[in-house]
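Observations on the model geometry
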Amino acid sequence: MKANKIALGVLGAIATGAVLGILFAPAKGADTRKKILRKGNNYADDLKDKFENISETLKSNYEKMFHEGKSKLDNLKNELKNSSI
């Protein structure tokens, strides 16, 4: 967990540096705003992709646990049914 926090901090610092570099670059305001918008869209797309990956992983894990639990429950039912005969 600590490594994740460090990686997130490094990414945040890089993003902040990039925004500050764009803001203080000798370019027209319109060009700077376009660059910031492009970067923001890129970060949003990356975040969306990561969220989708996490969502798919969670869904997959849930389905796996559900099917395993259902299988164990069915086995237990069969054992109880067979033992009462």
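Being a predicted model, the structure only gives us computed values, none of them experimental.

**Overview of the packing of aromatic side chains**
Applying the stated criterion to the full structure yields one aromatic pair. With 6.4 Å between their ring centres and 25° between their planes, Y62 and F66 make a pair best called stacked. Here Y62 pairs with F66, and both are found in helix α2 (residues 29-83), just four residues apart, close to one helical turn. The exposed category is assigned to Y62, whose relative accessible area is 55%. You can call F66 partly exposed: its relative accessible area is 45%.

**Focus: the packing of helix α1 (residues 2-23) against α2**
Where α1 contacts α2, the two axes come as close as 9 Å, and the packing angle between them is 165°. Looking at the two axes, α1 sits roughly antiparallel to α2. The handedness of the crossing between α1 and α2 comes out as right-handed. Contacts from A15, A18, I22 and L23 in α1 reach T32, K35, I36, K39 and Y43 in α2. Class assignment for the residues of the contact of α1 with α2 results in six nonpolar, one polar and two charged.

**Here we look at the layout of surface pockets**
Considered as a void within the structure, the largest pocket measures approximately 470 Å³ in volume. The set of elements that each furnish at least two residues to the lining of the largest pocket consists of α1 and α2. Within the lining of the largest pocket, the residues separate by chemical class into 10 nonpolar, two polar and three charged.

Procedures and definitions
- Counting from 1, residues in each chain are numbered in the order their sequence is written.
- Per-residue local features are limited, in this predicted model, to residues with pLDDT of at least 70; the limit for side-chain atom pairs, both in listing and counting, is 80 or more; totals at the level of whole chains, interfaces and linings are taken over all residues.
- The basis for every side-chain value is the complete set of non-hydrogen atoms in the structure, without hydrogens or water.
- In this scheme Phe, Tyr and Trp rings, the latter by its six-membered ring, pair at centre separations within 6.5 Å, and the angle between planes marks the pair as stacked below 30 degrees, edge-to-face above 60, and tilted otherwise.
- Helix numbers and strand numbers start at the N terminus; a helix is a DSSP run of H or I with at least 4 residues, a strand a run of E with at least 2.
- Only protein chains enter the accessibility calculation, which uses a 1.4 Å probe; a residue whose area is less than 20% of its type maximum is buried, one above 50% is exposed, and one in between is partly exposed.
- Angular values range over 0 to 180 degrees, each being the angle between N-to-C directions of two axes fitted as lines to C-alpha atoms, with helices fitted over their stretch in contact.
- Here the word oblique covers every angle except those under 35 degrees (roughly parallel), over 145 (roughly antiparallel) and from 65 to 115 (roughly perpendicular).
- The sense of a crossing depends on the near helix, which, turned anticlockwise from the far helix by less than a right angle, makes the crossing left-handed and, turned clockwise, makes it right-handed.
- Contacts are assigned to residue pairs with any non-hydrogen atoms lying within 4.5 Å of each other.
- Lys, Arg, Asp and Glu make up the charged group, whereas Ala, Val, Leu, Ile, Met, Phe, Trp, Tyr, Cys and Pro make up the nonpolar group; the residues left over, Gly among them, are polar.
- Buried and open spaces are told apart on a 1 Å grid over the protein atoms alone, a cavity being a set of points where a 1.4 Å probe fits but cannot get out and a pocket being an open set with protein on both sides within 12 Å along at least five of seven lines. Residues with an atom within 4 Å of a point are the lining residues.
- Grid points are joined across faces, edges and corners, and a volume is the space filled by probe spheres set on the points.

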